Amino acid sequence: MLKSVFGRREQEEQVRQEGRLPPGQSLTQKFPVLHYGPVPRFSPATWDFRILGEVEEEKRWNWEEFNQLPRTKVVMDIHCVTRWSKFDTEWEGVTVRALIDAGIIKLKPTARYVVEHAEYGYTTNLPLSVVLQDNFIMATHFNGEPLEPDHGYPLRGVVGHIVGKNDLIDPYFWKGAKWLRGLEFLAEDRPGFWERAGYHNEADIWKEERFG
Ligand SMILES: Nc1nc2c(c(=O)[nH]1)N[C@H]1C(S)=C(S)[C@@H](COP(=O)(O)O)O[C@H]1N2
Ligand SMILES: [Mo]
């Protein structure tokens, strides 16, 4: 494994030189688990995914239907507000951009913000413009394997930094909801769980927008 060949500090120095280490962050070779509350159990018979709000037609997909949506892979660096960063993580799943391009969902012109809805009422919000960027994905797989329960199985939002795409807004990792169950499109912004608890609404990793 990579981590047995290169030490943590050596890898951190490399990404720092490459301009990939945001201010106040440090590289981890692990994958820490961070969330509020318990880990939900996945039940494929009752699981559904909803598209709600400012769309021409609301949608509800079961697990089998969700798995037939067009799929995308993306490699990103992810940055937690608690100061760990993990580099070159590979995610596979469904992007909102692909759903729109395929005509599977049609947004109303009033749609400007998005709330991710997860199990147990967890929410997080992003501008639509960020959700449509290549660095936002609803992922079923991490590094080629289905997500682990702790990391959001069967589906989570993921937002991070794509190397070389420096024109995108890169929010902290909390803006990806684990155990994702739906997206709600809104005309007005609506702060989510951590945003209401004092985290920064925009959460730009390069500007260190940690707390509001
Ligand atoms: N449903 C849910 N998703 C969540 C959270 C949570 O509390 N509940 N915490 C967020 C936070 S603060 C972080 S840093 C990441 C952590 O993801 P990880 O446990 O896979 O590292 O999940 C985010 N998604
Ligand atoms: Mo976090």
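Our structure's up above, just so we're on the same page.
Residue positions within a chain follow its written sequence, with the count starting from 1. Following the order in which they are written, the chains are lettered starting with A and the ligands numbered starting with 1. The predicted origin of the model limits local features to residues at a pLDDT of at least 70 and limits the giving and counting of side-chain atom pairs to 80 or more, whereas totals for whole chains, interfaces and linings rest on all residues. With hydrogens and water stripped out, all remaining heavy atoms of the structure feed into the side-chain values.

Novice: Describe the packing of aromatic side chains, naming the residues involved and giving the relevant values.
Specialist: Between the rings of Phe, Tyr and Trp (Trp by its six-membered ring), a pair exists once the centres lie within 6.5 Å; its type follows the angle of the planes, with under 30 degrees stacked, over 60 edge-to-face, and the other angles tilted. Overall, the coordinates contain 21 aromatic pairs when judged by the stated rule. Here F42 and W47 contribute two aromatic rings whose centre-to-centre distance is 6.3 Å and whose plane-to-plane angle is 80°, an arrangement assigned as edge-to-face. W47 shares its class with F42; the two are buried. Taking 6.3 Å as the distance between ring centres and 5° as the angle between the ring planes, the aromatic pair formed by F49 and W61 counts as stacked. The buried label goes to any residue with under 20% of its type's maximum accessible area, the exposed label to any with over 50%, and the partly exposed label to all in between, with areas taken from a 1.4 Å probe on protein chains only.

Novice: How would you sum up the pattern of salt bridges? Please name residues and give values.
Specialist: Note on definitions: salt bridges are taken to be side-chain nitrogens of Lys or Arg within 4 Å of carboxyl oxygens of Asp or Glu. For the structure shown, the criterion picks out 18 salt bridges. For E57, the salt bridge identified is with K59, shortest N-O distance 3.8 Å. Take K59: its relative accessible area is 22%, and that puts it in the partly exposed class. With a closest N to O distance of 2.9 Å, E195 and K175 form a salt bridge. Taken together, the residues E195 in helix α6 (residues 193–196) and K175 in the loop between β10 (156–159) and β11 (180–186) connect sequence positions 20 residues apart. Like K175, E195 is buried. Three or more residues are tied together by salt bridges with common partners; here these are D48, R50, R60, E119 and R181. Here a strand is any run of E in DSSP of at least two residues, a helix any run of H or I of at least four, and the numbering for each starts at the N terminus.

Novice: Let's hear about the site of ligand 1: which residues, and what values?
Specialist: When we say a residue is near a molecule or strand, we mean one of its heavy atoms is within 4 Å of it. Neighbouring ligand 1 are 19 residues, the closest being P32, Y36, H151, R156 and K178. Polar contacts here mean pairs of N or O atoms no more than 3.5 Å apart (in protein, one a potential hydrogen donor and the other a potential acceptor; neighbouring residues in sequence count only if both atoms are side-chain atoms). At 2.8 Å from a nitrogen atom of ligand 1 is found a main-chain nitrogen or oxygen belonging to G176. Each accessible area value is a Shrake-Rupley result obtained with a 1.4 Å probe; residue values ignore everything except the protein chains displayed when judging cover. Look at ligand 1: alone it shows 530 Å² of surface, and the protein chains cover 98% of it. Throughout this entry, Asp, Glu, Lys and Arg are counted as charged residues, while Ala, Val, Leu, Ile, Met, Phe, Trp, Tyr, Cys and Pro are counted as nonpolar. The remaining residues, Gly among them, count as polar. Here the residues of the shell around ligand 1 sort into 14 nonpolar, 3 polar and 2 charged.

Novice: How would you explain the nonpolar core if you had to name every residue and give the values?
Specialist: By size, the foremost hydrophobic cluster in this structure holds 51 residues, and its most contacted members are F49, F66, W91, V96, M138, L183 and F185. It is strand β8 (residues 136–142) that provides the largest number of residues to this core, a total of 5 residues. The contact criterion used is simple: two residues touch if any of their non-hydrogen atoms lie within 4.5 Å. Setting aside chain neighbours within four positions, we find M138 in contact with F49, E92, G93, V94, V96, L99, L155, R156, G157, L180 and L183. Put simply, a nonpolar core is a bunch of buried Ala, Val, Leu, Ile, Met, Phe, Trp, Tyr and Cys residues held in one set by side-chain atoms that sit within 4.5 Å of each other.

Novice: How would you sum up helix α2 (residues 8–17)? Please name residues and give values.
Specialist: Of the residues making up α2, those classed as buried are Q11, E12 and V15. Looking down the long axis of α2, one finds its buried residues gathered within 100° of arc, a one-sided arrangement. Along α2, exposed side chains directed more than 90 degrees from the buried face belong to R9 and Q17. Phi for G19, located one or two positions after α2, is positive at around 75°. In this description, the arc belongs to the directions extending from the helix axis to the C-beta atoms.

Novice: How would you sum up the side chain of Q25? Please name residues and give values.
Specialist: Note that Q25 resides in the loop between α2 and β1 (26–27). A polar contact is formed between the side chain of Q25 and the backbone oxygen of C80, at a distance of 3.1 Å. Beyond its immediate sequence surroundings of up to four residues, Q25 is in contact with H79, C80, R83, W84, S85, Y172 and R210.

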